[in-house]
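Chain residues, written in single-letter form:
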Protein chains: 2
Amino acid sequence: MKKRILVDMDGVLVDNYPVFFELHEKETGEKLTFSDIEGKLEAEAFVNQRRWVNTPGFFRSLPVMKDSREVLSRLNDKYEIIIGSLATEFPESMTDKQMWIHENFPFISWKQIVFCGDKNMIKADIMIDDHFKNLDNFDGVTILFTQPHNKLVMETRHMRVNDWQEIGKLLLK
Amino acid sequence: MKKRILVDMDGVLVDNYPVFFELHEKETGEKLTFSDIEGKLEAEAFVNQRRWVNTPGFFRSLPVMKDSREVLSRLNDKYEIIIGSLATEFPESMTDKQMWIHENFPFISWKQIVFCGDKNMIKADIMIDDHFKNLDNFDGVTILFTQPHNKLVMETRHMRVNDWQEIGKLLLK
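What counts as what
- Residues numbered from 1 in each chain as written.
- Chains lettered and ligands numbered in written order.
- Predicted model: local features only at pLDDT ≥ 70, side-chain atom pairs only at ≥ 80, totals over all residues.
- Heavy atoms only, no water.
- Core = buried A, V, L, I, M, F, W, Y, C linked by side-chain atoms within 4.5 Å.
- Buried < 20%, exposed > 50% of the residue type's maximum accessible area, 1.4 Å probe, protein only.
- Helix = DSSP H or I, 4+ residues; strand = E, 2+ residues; numbered from the N terminus.
- Domains from an automatic or database assignment.
- Contact = heavy atoms within 4.5 Å.
- Phe/Tyr/Trp six-rings, centres within 6.5 Å; stacked < 30°, edge-to-face > 60°.
- Lys NZ or Arg CZ within 6 Å of the ring centre and 35° of its normal.
- Least-squares fit on C-alpha atoms with pLDDT ≥ 70 in both.
- Salt bridge = Lys/Arg side-chain N within 4 Å of Asp/Glu carboxyl O.

Caption draft 1: How the structure looks around the nonpolar core. Grouped together as the largest cluster of nonpolar side chains are 89 residues, with contacts concentrated most on Leu72(A), Leu75(A), Trp164(A), Leu72(B), Leu75(B) and Trp164(B). Here the element with the most residues in this core is helix 1 (residues 17–28) of chain B; it accounts for 5 residues. For this core, the domains that each give at least three residues are domain 1 (4–15 + 63–171) and domain 2 (16–59) of chain A. Beyond its immediate sequence surroundings of up to four residues, Leu75(A) is in contact with Ile5(A), Ile81(A), Trp164(A), Ile167(A), Leu171(A) and Leu172(A). Grouped together as the second largest cluster of nonpolar side chains are 26 residues, Met121(A), Ala124(B), Phe132(B) and Leu135(B) included.

Caption draft 2: Structural detail: the packing of aromatic side chains. Scanning the model with the defined rule gives 28 aromatic pairs over all chains in all. Geometrically, the ring pair formed by Phe20(B) and Phe46(B) is tilted, given 5.3 Å between the ring centres and 50° between the ring planes. With Phe20(B) in helix 1 and Phe46(B) in the loop between helix 3 (42–45) and helix 4 (49–53), this residue pair connects regions lying 26 residues apart in the sequence. The class for Phe20(B) is buried, based on a relative accessible area of 1%. Both rings, one in Phe20(B) and one in Phe58(B), keep their centres 6.3 Å apart while their planes meet at 0°; by these two values the pair is stacked. Taken together, the residues span a long stretch of sequence, with Phe20(B) in helix 1 and Phe58(B) in the loop between helix 4 and helix 5 (68–78) at a distance of 38 residues. For the residue pair Phe20(B) and Phe58(B), the accessibility class agrees, reading buried in each case. One aromatic cluster is present, formed by Tyr17(A), Phe20(A), Phe21(A), Phe34(A), Phe46(A), Trp52(A), Phe58(A) and Phe59(A) through successive ring pairs. If you follow Lys97(B) out to its NZ or CZ, it ends over the ring of Phe59(B), 4.1 Å from the centre.

Caption draft 3: Up close: the relation of the copies chain A and chain B. Note on the identical chains: chain A maps onto chain B by a rotation of 180° and an axial translation of 0.0 Å, with an RMSD of 0.0 Å. Such a combination of rotation and displacement between the chain copies is what one expects of a two-fold axis. When the interface residues of chain A are mapped onto chain B, 100% of them again fall at the interface, so both copies present the same face.

Caption draft 4: Structural detail: the pattern of salt bridges. Applying the stated criterion across every chain, the model contains 24 salt bridges over all chains. For Lys66(B), the salt bridge identified is with Asp67(B), shortest N-O distance 3.2 Å. Overall, Lys66(B) belongs to the exposed group, its relative accessible area being 63%. Overlapping salt bridges bring together Asp8(A), Lys119(A) and Asp129(A) as one network.

Put into structure tokens, the structure is as follows:
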């Protein structure tokens with residue numbers, strides 16, 4: 001039986017930060033860099049972030065994380081892939097998020113998608129996520145995807161990866 | 001630690017059939033009764049059912065199953081309740097479904113909701129559902145909610161309940 005991997009969307013498959021930087025500069029005139037926001041959660045780093053993510057259509061047009069399509073496509077043959085997002089906090093986002101998956105990862109079917117309010121209700125063997133709130137209570141193998149908000153934590157509980165090539169090396173050996 | 005119950009929406013919390021009968025008669029002129037459709041899945045019983053459930057707004061206005069609000073409210077104190085729906089098959093339905101939950105079951109938070117493509121990825125101790133495809137592979141206690149499509153099956157694998165009063169008697173002793 002294939003092992004099941006629960007793959008996060010925002011910050012793992014979705015490359016949100018370039019869009020956050022651009023919108024922040026457009027709306028405030030302030031040009032932020034990665035070093036300005038290290039250690040801050042998205043909503044702390046970008047004052048308008050909660051308004052952006054609550055705007056219908058926002059999630060539909062976000063860029064795909066580098067190399068994620070190629071690596072996830074290969075993982076999808078070897079593992080049972082589930083793409084999961086804590087999306088019930090933003091009920092208007094779910095259709096956009098699912099359409100985004102179908103457009104950018106056409107090999108993922110609707111049966112492989114979950115939107116929920118707590119990832120600890122999902123059964124999986126491996127979790128790839130950028131947030132400790134999801135990884136810390138998960139009972140399988142946990143892989144932390146580096147993002148500015150988690151970068152300063154010297155983490156030993158979870159394996160850290162910096163990009164999708166590293167995920168490939170780890171899981172496609 | 002509270003036991004977790006995964007409660008289905010359509011056919012368990014949502015009383016879909018009266019609406020299906022009404023729409024079917026309006027669109028085809030044929031007046032169906034429960035005995036006409038026993039043993040048939042919804043899409044077999046009602047030729048236009050898939051069109052209805054794909055119509056934005058359809059899920060927003062459906063009636064609540066008798067006694068479900070009162071019994072679920074009491075269960076919500078004693079158990080960890082998760083409301084789950086196989087909704088990623090109909091990506092346009094999810095916002096409507098979640099708004100319906102918040103309107104009709106205001107004591108359920110967004111953290112207690114899951115929309116997915118396969119219920120067997122959800123961890124729970126008890127499942128209440130009207131479909132064998134969800135109950136048959138679940139590894140906890142399974143409760144079959146009677147609906148016309150499952151009525152003819154002489155079922156021994158799952159406990160059968162006919163209404164929410166029976167669920168209360170079973171789980172609130």
